[in-house]
Amino acid sequence: MQDNDRDLLPEGLGDRLPQQASASQQVRRMAHDVLASHGYERVETPLIEFEKALAHRMAGVQVRRMFRFVDSVSLRMLALRSDMTAQVARIAATGLAEAPRPLRLSYSGQVCTIKGDGLDPRRERLQLGAELIGTDSVAAAAEIVELAIEALRAAGATGISVDFTLPDLVDTLSVEALPLPEARIAAVRQMLDAKDAGGLVDVGGEGYLPLLYAVGPFASAIERIAAFECGGALASRIAGLREIAARVSDKARITLDPSERHGFEYQSWFGFTIYAEGISGSLGRGGTYRILGQTGHHPESATGFSLYPDPLVDLLAAEPQAQRKLFLPLGHDPRVAGQQRAIGWTTVAALSESDDPLALGCSHKLEGGEAVAL
Ligand SMILES: N[C@@H](Cc1c[nH]c[nH+]1)C(=O)O
């Protein structure tokens, strides 16, 4: 490394300066208050774990996105957490295996991936979420979507919209309704993901074409998928989606994209992505999934969501903030200063005669025991 490189950070990693750090703190506090008020108890998890523990708790988790390295103490492979849901699932399957169900847990922390996601180059992101463990019912899914909207709104997001999807759609339909040879399933999924009608036909998935068109505002898209209804294979899912949409449609704009799978590595019958006005890209996603237990134990159903609020933090940090800071001149009475802090002032104490209140961002000055505007 050259000498002038020593202050650089690796690609996709960055600091948060005071304004951003304070916006991040605010987003976290407001969202956690909502989760706590709905009975979701907070857990904290380690930054690094055995790779196996992170990768094998849910089917479909991809380890190639994780930073991995060998632990010189245990000589085993470790990974930096890339998704706290897997850690919360581990807690539910081990330390809290005997806790009553449904179990409601919440979490937040930094997560890392080797590469950014789509157009977002960030490799470290704040993740904040809630997991409802012990059920993947429609009622659980509706609670989780509602909670994600409420948490995001409390954190300062506006114009929220939610896009519903059916992550295991191809697996469900290919069993009987629209049979596909095992070898074709991955290709059909890929063409649906890419929204490539021609490609879908080429790989023998023409029966799946109507799914490409059942996209858009929920009310009309669900009618299209209901019309496509293949032998009742999707009936319970369609009814479930309608019920969830009915619960949240006054809180957010709802759309449907039944074949969207981006970011849904392990979700089962239901998934959703959440967006807000003024923010390009999504702010989080969630859905139903199954937690694999210890060998010999049954998997456990669960539902949850994770927000990735960094773009919201950036947006809030860019808004001009009225500074209300009180300058305490040299020789001020510390008791009076304490009283001012107790009623809400942020104080900045002079350390020398040359300290300039305006340059230090103060709006007021303590004079004769009072806060006087500068
Ligand atoms: N952790 C998942 C979202 C999720 C939480 N619970 C269920 N799904 C993600 O980040 O994509």
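Look up a bit, the structure's there.
Please read all numbers here as calculations on a predicted model, not as lab measurements.

Novice: Where do I start with the packing of helix H1 (residues 18–37) against helix H11 (residues 310–318) in this structure?
Specialist: Packed helix pairs are characterised by how far apart their axes lie and by the angle those axes make with each other. In contact at an axis separation of 8 Å, H1 and H11 are set at 120° when each is read in the N-to-C sense. Looking at the two axes, H1 sits oblique to H11. Remark: the crossing between H1 and H11 carries right-handed chirality. Here Gln19, Gln20, Ala23, Ser24 and Val27 of H1 come into contact with H11, specifically with Leu312, Val313, Asp314, Leu316 and Ala317. For the contact of H1 with H11, the residue count by class is 6 nonpolar, 3 polar and 1 charged.

Novice: Teacher, can you tell me more about the nonpolar core here?
Specialist: Membership of the largest hydrophobic core comes to 69 residues, with the highest contact counts inside it found for Val162, Phe164, Tyr208 and Ile225. Per-element tally for this core: the top contributor is helix H4 (residues 138–154), with 10 residues. With near-sequence residues (within four places) excluded, Tyr208 lies in contact with Val170, Leu173, Ser174, Leu178, Leu180, Val188, Leu192 and Leu200. In terms of nonpolar packing, the next biggest core, distinct from the first, is built from 23 residues, Leu54, Val61, Met66 and Leu103 among them.

Novice: Is there a simple way to think about the sheet that holds strand E6 (residues 124–133) in this case?
Specialist: Within a sheet, each strand pairs with its neighbour through backbone hydrogen bonds, oriented either parallel or antiparallel. A sheet is described by the order of its strands in space; here 9 strands give the open sequence E1-E5-E6-E12-E11-E10-E7-E9-E8, paired in mixed fashion. Across the chains shown, the open sheet's two edge strands, defined by having one partner strand only, are strand E1 (41–42) and strand E8 (216–217). Sheet topology note: the E8/strand E9 (residues 253–256) ladder contains 2 bridges and is antiparallel. Residue pairing across strands places Pro217 opposite Thr255, the latter belonging to E9. Each of strand E5 (103–112), E6, strand E11 (284–291) and strand E12 (300–307) touches helix H3 (residues 84–93); the most contacted strand, E5, lies at about 140° to it. Its contacts with the sheet put helix H10 (residues 235–248) on strand E7 (161–165) and E9, and the angle it makes with E7 is roughly 175°.

Novice: Would you mind showing me how to read the packing of aromatic side chains here?
Specialist: The way to describe two aromatic rings as a pair is by their centre distance and the angle between their planes. Counted by the stated rule, this structure contains 5 aromatic pairs. The interplanar angle of 75° and the centroid separation of 5.8 Å between the aromatic rings of Phe164 and Phe218 together place this pair among those described as edge-to-face. Residue Phe164 is found in strand E7, and its partner Phe218 is found in helix H9 (residues 218–228); the two are separated by 54 residues along the sequence. Classification of Phe218 as buried rests on a relative accessible area of 9%. Centroid distance Tyr266 to Tyr289: 5.6 Å. Interplanar angle 70°. Geometry classified as edge-to-face. Of this pair, Tyr266 sits in the loop between E9 and strand E10 (271–275) while Tyr289 sits in strand E11, and the two are 23 residues apart along the sequence. Using a relative accessible area of 1% as the deciding quantity, one classes Tyr289 as buried. Aromatic ring contacts, followed pair by pair, group Phe164, Phe218, Trp269, Phe270 and Phe272 into a single cluster. In this structure, Arg76 is placed above the aromatic ring of Phe50, and the distance from its NZ or CZ to the ring centre is 3.8 Å.

Basis of the calculations
- Residues numbered from 1 in each chain as written.
- Predicted model: local features only at pLDDT ≥ 70, side-chain atom pairs only at ≥ 80, totals over all residues.
- Heavy atoms only, no water.
- Axes fitted to C-alpha atoms, helices over the stretch in contact; angles between N-to-C directions.
- Helix = DSSP H or I, 4+ residues; strand = E, 2+ residues; numbered from the N terminus.
- Parallel < 35°, antiparallel > 145°, perpendicular 65-115°, else oblique.
- Left-handed = near helix turned anticlockwise from the far one by under 90°.
- Contact = heavy atoms within 4.5 Å.
- Nonpolar A, V, L, I, M, F, W, Y, C, P; charged D, E, K, R; others polar.
- Core = buried A, V, L, I, M, F, W, Y, C linked by side-chain atoms within 4.5 Å.
- Buried < 20%, exposed > 50% of the residue type's maximum accessible area, 1.4 Å probe, protein only.
- Pairing = 2+ DSSP bridges.
- Phe/Tyr/Trp six-rings, centres within 6.5 Å; stacked < 30°, edge-to-face > 60°.
- Lys NZ or Arg CZ within 6 Å of the ring centre and 35° of its normal.

Geometric descriptors of this kind do not, in isolation, establish any biological role.
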